[in-house]
Amino acid sequence: MPETTVVSNFPATQWAGLGTASTTDYVDDTTALQAALNSGKPVVYLRPGNVVVSKTLEVPSTVKEIVGYEAFIYARSGQFAGTTNAPVFRIHGSSTDHIAISYLGFRANPGVVDFENAGTGTVTMTDLNMGGSTTGAPRPGGNTCVRNAVGHGHRPL
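The structure contained in this document is the topic of the report that follows.

Procedures and definitions
Residues numbered from 1 in each chain as written. Predicted model: local features only at pLDDT ≥ 70, side-chain atom pairs only at ≥ 80, totals over all residues. Heavy atoms only, no water. Phe/Tyr/Trp six-rings, centres within 6.5 Å; stacked < 30°, edge-to-face > 60°. Helix = DSSP H or I, 4+ residues; strand = E, 2+ residues; numbered from the N terminus. Buried < 20%, exposed > 50% of the residue type's maximum accessible area, 1.4 Å probe, protein only. Pairing = 2+ DSSP bridges.

## Section: the packing of aromatic side chains
Working step 1: Counted by the stated rule, this structure contains five aromatic pairs.
Working step 2: Ring centres of Y26 and Y74 lie 5.4 Å apart, and the angle between their planes is 85°; this geometry places the pair in the edge-to-face category. Placement of Y26 in the loop between strand 1 (15-16) and helix 1 (30-37) and of Y74 in strand 5 (residues 65-75) is noted, with a sequence separation of 48 residues between them.
Working step 3: A relative accessible area of 54% means that Y26 is categorised as exposed.
Working step 4: Residue Y74 is classed as buried on the basis of its relative accessible area of 19%.
Working step 5: Taken together, the aromatic side chains of F89, F106 and F115 make up a single cluster linked through ring pairs.

Structure follows, in structure tokens:
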């Protein structure tokens, strides 16, 4: 199982955040979070609080870490309204890519998938509070490692 760092080895200049988007309101933050993911920087971080998303976020292979700092992703509107099997994060990458995801929580409608590894790389998830539906567990493509995650009724990987 690949090891993950607790603190990123990338300098702060290589981190992308939500910019001016607030984590204290319940306004849609999809555009701000997708912009951070598309920034080309290897680390995307979220401030503590609530991050509202309304459609699947595409994670390019340039992203090597997503650090939640105890942020909660709310996926209950837009594409995630009602019952859907849509992923919140769709991770892309080749077999040589590795992405570490940590300190993140999810609040989603039934059936929403927290992560989909659409690539062939390895995704390591640590210290997560998963969405909690029976189909909301990570949907693996490449290798997926989960450590210290809580949730309800997740299916085995």
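Further notes follow.
## Here we look at the pairing of strand 6 (residues 87-91)
On any regular strand, side chains alternate: one points to one face of the sheet, the next to the other face.
Working step 1: Burial of strand 6 is extensive: four of the five residues sit out of reach of the surface.
Working step 2: Pairing of strand 4 (residues 57-59) with strand 6, which is carried by three bridges, proceeds in the parallel orientation. Bridge pairing links V59 to I91 in strand 6.
Working step 3: Here strand 6 pairs with strand 8 (residues 113-117) via four bridges, running parallel. When the bridges of strand 8 are listed, R90 appears paired with E116.

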